Amino acid sequence: MSANAQTEVIKDLSMLKQKEMIARNYDAITSAPETGQKVASTFVPGNLNELINSFGMLNNLPEINAINNGMRKQSGAMIMDAERSGHSEDVCTYVKADIGMMSKGNIAPNGKPMPAPDLLLLSYTGCFTFMKWFELLRKEYNCETVMLQVPYTGDGVVTDNMRDFVVKQLKEEVIPTLERVSGNKFDIDRLRENLARSAKAEDDLVWVLDSAKKVRSPIDAYFGGVYYIGPIFTAFRGTQDAIEYYQLLRAEIEKRMEAGLGPITPEGDMGEEKYRLVVEGPPNWTSFREFWKMFYDEGAVVVSSTYTKVGGVYDQGFRHDPENPLESLADYCLGCYTNRNMPSRVDMIENYMNDFQADGLLINSIKSCNSFSAGQLMMMNEIEKRTGKPGAFIETDLVDPRYFSAANVKNRLESYFQMVDQKRQSSRQF
Amino acid sequence: MSTAEIIARCEELYEDTTFAASRAWKEAEPGRKVIGFMPVYIPEEIIHAAGMLPLGILGGGDELEVIHGDAFYQSYICRIPRSTIELGLTGRLDFVDGMLFPSICDVIRNLSGMWKLMKPGIYAKYFDVPQNYRDDIGGKYYQQEMQELRHDMEKISGRKITDEAISNSIKIYNEHRQLVRDVYALRSAEPWKVPSSEVYLLMRAGMVLPVEEHIPMMQAYIAAAQEEDRPMRDNCRVITTGAFCEQPPLNLIKSIEMSGCYVVDDDYMMVNRWLMEEVPTEGDPIKNLADAFLHHSADSSAKYSDTQEKVGQYLYDSVQKNKAEGVIFAAPSFCDPALLERPLLAAKMAENKVPHISFKYAENSGQMQPIREQTGTFADSIKLWGKEI
Ligand code: SF4
Ligand code: SF4
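The name an unreviewed UniProt entry gives chain B is Benzoyl-CoA reductase subunit C, with Sedimenticola selenatireducens as the organism. Word for word, the UniProt comment on chain B under Sequence similarities (unreviewed entry) is "Belongs to the FldB/FldC dehydratase alpha/beta subunit family."

Chain A goes by Benzoyl-CoA reductase subunit B in an unreviewed UniProt entry, where it is assigned to Sedimenticola selenatireducens.

A.B. asks: Describe the domain arrangement of chain A, with residues and values.
C.D. replies: Residues and elements named next belong to chain A. Looking at chain A, the domain boundaries give domain 1 (9–187) and domain 2 (192–429). Computed from C-alpha atoms alone, the centre-to-centre distance between domain 1 and domain 2 is 23 Å. Contacts between the two partners involve 60 residues from domain 1, matched on the other side by 54 residues from domain 2. Area buried by domain 1 at its contact with domain 2 is led by Q18, M21 and E50, which between them contribute 14% of it. Applying the counting rule to domain 1 against domain 2 returns 6 salt bridges. Residues R24 and D241 are paired through a salt bridge, measuring 2.9 Å at the closest nitrogen-oxygen approach. Remark: the boundary between domain 1 and domain 2 carries 27 residue pairs in polar contact (both at pLDDT 80 or more). Elements supplying a minimum of two residues to the side of domain 1 that touches domain 2: α1 (2–30), α3 (49–54), α4 (62–71), α5 (75–84), α6 (93–103) and α8 (160–182).

A.B. asks: Residues and numbers for the layout of surface pockets, please.
C.D. replies: Rolled over the atoms, a probe sized like a water molecule indicates the empty space that remains. All names here are of chain B. Roughly 900 Å³ of internal volume is contained in the second largest pocket. Along the wall of the second largest pocket there are 35 residues; nearest its centre are M276, S297, A298, D299 and Y314. Of all the elements in the fold, those that place two or more residues in the lining of the second largest pocket are α7 (163–189), β5 (236–241), β6 (261–265), α11 (285–295) and α12 (313–321). For the lining of the second largest pocket, the leading source of residues is α12, giving 6 residues. A per-class count over the lining of the second largest pocket returns 13 nonpolar, 11 polar and 11 charged.

A.B. asks: Any chance you could break down the site of ligand 1 for me, citing the residues and the numbers?
C.D. replies: Residue and element names in this part refer to chain A. The environment of ligand 1 is formed by C92, Y94, C127, T129, F130, W133, S368, C369 and L398. At 3 residues, helix α7 (residues 129–141) tops the list of elements feeding residues into the shell around ligand 1. Its residues assigned to classes, the shell around ligand 1 shows 7 nonpolar, 2 polar and no charged. Mapping the shell around ligand 1 onto the domain boundaries places at least three of its residues in each of domain 1 (9–187) and domain 2 (192–429).

A.B. asks: Got a sec to walk through the site of ligand 2? Specific residues and values, please.
C.D. replies: Residue and element names in this part refer to chain B. Taken together, 13 residues lie around ligand 2, and C78, C105, I108, C245 and C335 are the ones closest in. Going through the elements one at a time, α5 (106–118) and α13 (336–351) are the ones with two or more residues in the shell around ligand 2. Taken together, the residues that form the shell around ligand 2 break down as 11 nonpolar, no polar and 2 charged.

A.B. asks: Talk me through the interface of chain B and chain A; I want residue IDs and the actual numbers.
C.D. replies: The interface of chain B with chain A comprises 59 residues on the first partner and 54 residues on the second. Carbon and sulfur atoms make up 57% of the surface buried where chain B meets chain A, a total of about 4900 Å² over both sides. Across the chain B-chain A interface, the total number found is 7 salt bridges. Among the ionic pairs, D155 of chain A bridges to K125 of chain B, the shortest N-O distance being 3.0 Å. Counting residues per element, the ones that place at least two in the side of chain B that touches chain A are α5, β4 (123–127), α6 (135–157) and α13 of chain B. Taken together, the residues of the side of chain B that touches chain A break down into 27 nonpolar, 15 polar and 17 charged.

A.B. asks: Pulling in residues and values, what's your account of the packing of aromatic side chains?
C.D. replies: Under the counting rule described, the total for this entry stands at 37 aromatic pairs over all chains. On the numbers, 5.0 Å between centres and 80° between planes, the contact of Y152 of chain A with Y126 of chain B is edge-to-face. Separated into two different chains, Y152 of chain A in the loop between β4 (144–149) and α8 and Y126 of chain B in strand β4 make up a pair that spans both. Neither Y152 of chain A nor Y126 of chain B differs from the other in exposure class; each is buried.

A.B. asks: Account for α7 of chain A, naming residues and giving values.
C.D. replies: The first and last C-alpha atoms of α7 of chain A sit 18 Å apart over 13 residues, in line with the 18 Å expected at 1.5 Å per residue. Across the 13 residues of α7 of chain A, 10 count as buried, placing the element largely inside the fold. Every buried residue belonging to α7 of chain A is among T129, F130, M131, K132, W133, F134, E135, L136, L137 and R138 of chain A, and all of these are buried. Buried residues along α7 of chain A sit against α4, α6, β3 (119–124) and β4 of chain A together with α5 and α13 of chain B. At the exit of α7 of chain A stands N142 of chain A, carrying a positive phi of roughly 55°.

A.B. asks: Go over the packing of helix α1 (residues 3–15) of chain B against helix α9 (residues 211–227) of chain B with me, naming the residues and quoting the values.
C.D. replies: All names here are of chain B. One way to put it is that α1 packs onto α9 with a least axis distance of 9 Å and a crossing angle of 145°. The interaxial crossing formed by α1 with α9 has left-handed handedness. Mapping the contact onto sequence places T3, I6, I7, R9 and C10 in α1 and E213, M217, A220, Y221, A224 and A225 in α9. Its residues assigned to classes, the contact of α1 with α9 shows 8 nonpolar, 1 polar and 2 charged.

A.B. asks: How would you summarise unusual backbone geometry if you had to cite specific residues and measurements?
C.D. replies: All names here are of chain B. Looking along the chain, the bond that leaves P39 and enters V40 is cis, with omega of 20°. Relative to the helices and strands, V40 is located in the loop between β1 (34–37) and α3 (44–49). Even without being a glycine, K323 presents a positive backbone phi close to 50°. Mapping K323 onto the fold places it in the loop between α12 and β7 (326–332). With relative accessibility at 61%, the residue K323 sits in the exposed group.

A.B. asks: Can you break down the sheet that holds β7 of chain B residue by residue, with the values?
C.D. replies: Residue and element names in this part refer to chain B. In space, the 4 strands of this open sheet follow the order β6-β5-β7-β8, with parallel pairing throughout. Since the sheet does not close on itself, it has two edges, and those belong to β6 and β8 (356–361), each with one partner. Recorded for the sheet is a direction-independent mean angle of 35° between the axes of neighbouring strands. Relative to β6, β5 is paired through 4 bridges, and the arrangement is parallel. Bridge assignment links C236 to a residue of β6, and that residue is C261. Its contacts with the sheet place helix α10 (residues 250–258) against β5, β6, β7 and β8, and it is angled at close to 115° to β6.

Thresholds applied
Residues numbered from 1 in each chain as written. Chains lettered and ligands numbered in written order. Predicted model: local features only at pLDDT ≥ 70, side-chain atom pairs only at ≥ 80, totals over all residues. Heavy atoms only, no water. UniProt positions renumbered as here; feature names shortened; annotations may be inferred. Domains from an automatic or database assignment. Contact = heavy atoms within 4.5 Å. Buried area = accessible area lost by both parts, 1.4 Å probe. Salt bridge = Lys/Arg side-chain N within 4 Å of Asp/Glu carboxyl O. Polar contact = N/O pair within 3.5 Å; in protein donor to acceptor, adjacent residues only side chain to side chain. Helix = DSSP H or I, 4+ residues; strand = E, 2+ residues; numbered from the N terminus. 1 Å grid on protein atoms, 1.4 Å probe; cavity = no way out; pocket = protein on both sides within 12 Å on 5 of 7 lines; lining within 4 Å. Points joined across faces, edges and corners; volume = space filled by probe spheres on them. Nonpolar A, V, L, I, M, F, W, Y, C, P; charged D, E, K, R; others polar. Near = heavy atom within 4 Å. Phe/Tyr/Trp six-rings, centres within 6.5 Å; stacked < 30°, edge-to-face > 60°. Buried < 20%, exposed > 50% of the residue type's maximum accessible area, 1.4 Å probe, protein only. Expected span 1.5 Å × (residues − 1). Axes fitted to C-alpha atoms, helices over the stretch in contact; angles between N-to-C directions. Left-handed = near helix turned anticlockwise from the far one by under 90°. Pairing = 2+ DSSP bridges.

In structure tokens form, the structure reads like this:
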């Protein structure tokens, strides 16, 4: 009881801290017209938060706004608005939720309108949709724009040519634009300080993610994981806040481990750990809680996930490096999960299956996202072949509630868990 | 040769999903190699300079039965990758020595890695291009990517690719591109003489034939088409756009025409027309190809428009140049680049009072009636009200 009560309090601290950070950031964004701070709109994977902050600018991430609207059940209407105005039902719903949000006044979670961005910074990593999304935003805002093209690592390696190309764009396109928009000169020392802080927070994040290697994992690395990656993927990488958040989180998880507890869920501590899964693909946001419940009710814990690597693959050893600031930003962008080729993605999942002693691979295939989804069936077959563990495939969407069929997903999961049981029994017999 | 004879040969090539003509080319001499590529653009000159055949792969069309390919893709992904996988798994591409997957969208990008997993012994490469159009940034990057491709092509062909050989290939492809432009110009000038389905089949032939064979074929077609006495109809002049990757069935192309539209420009097989001006044959050929890509290449939804003014400008320029009265947005279902850009292009057309309609298709779409009705009504309304609609 006392361990439980303690963890409750400590858990609250990291969650409260994150909540407070997000609220403060939204307040800073919505009050930018009064404070005079400049705002850059930019995407999550490969975002240049340390660089943007080094110019004293704020960063506003359209995907995060779409997720917020999804979780608050507002995205459905926004998507339909965008479709009515001519956007195809076939394209990414983040884009349509974002465009629909604009038509509804771009209201931030604090109830105040978001200002138009001063800069559109298209760091285009791992997804072609970003490019056209950005063009659509430019038409709306008509503001200063700059693009950072990050080559896809098609052969599974980062070549010097790729890195040089990214660094050159940073030097000659991105930095001069940030200087112009912010009115501040580039200060490499400030950038180095931010990068050093990033690396510190990244160490603790990796420790947290690795804690799931313990059988009786103290974390859920997918549903819980999306909270854990929040600060590092968004506007807080490179800040003292992020360092503090990850220190708090790590201490909490250490306590859970010592107490032999499983992950915390919205309904309290999770019961017995019956299934250990690796999950590929982003979650559904419109029914996030309901989706998660389908797992913890069955004793299924996600021990590793690929979605928690879209904004940086730190568990494979990458750290932002203050000694080589621009090269390190380039390597960060080039290494994000969806910028890796299919064989590398398969290898990574195979390693997760082994290192985290998983019972199987579950793919949540997202209708919106060809970057993630095209090829996932082949990935599943490969993993089944290599590990001998069963895979399962479910189809949902990010923020479009029309594509989340709770009954179908639940049925599919239940039969999958039975399959895992059978597989275990038969492997015990031989 | 009459147009009918030429087109009959093209149709035979089009229908053959075993690529017999390309196989025959390969078998004609020992040591010949074939490099497959997908839409939207690759510098064919580099393959050609190594003495190899660039083979354009555009999916399986409406005749190929897709059995294995569907097991690799969810229902909400377009059809071209599944039929391409089908071609790969049924031995139809077993004579291909390497595959290039150009930078066009995430589906083809991921297909490059799937190919690596599916055919571990076969060269498969994602071929990247710059979206930054500065010579010292995007140009430098692209030149190096082409040098890497050149190196890989040397390895596959077992031949050194000299600058001279590439310049020579550029010369041949310059001639080819000029003829392609001539065919398009002729159709735009006298569309009744040059039906779109014929232009389409003629261009498709260029995907599987060596360029040296396709050049005389186009010359013969142009000569024959000019001689042809075909009745002029009261059709309206339209541009179709959005079909730069997965191809519509031939019947769809015919249906648009039959419903009362002369197609005066399109974006099928852009690789044939990607470089829009003659590429210099003096100096560093890789630099020349890079310059042409950066400063004189076609626009498409797979490209980034670095300024707002440029978005859709290529389409509007084409409307003006070809005196088009309307635009038909015809894109494959689930095609991200085409469908994401469509609202921007539609807005550009609306701003300039260019009537437009849109529909989606798949390479195996069977029902032409609804499309024929839609394009027919569009043609009628243009004739009745012109720009007022
Ligand atoms: S397609 Fe996928 S990666 Fe791209 S914006 Fe949409 S969800 Fe993000
Ligand atoms: S049809 Fe469109 S989405 Fe499909 S592979 Fe081609 S470009 Fe990509």
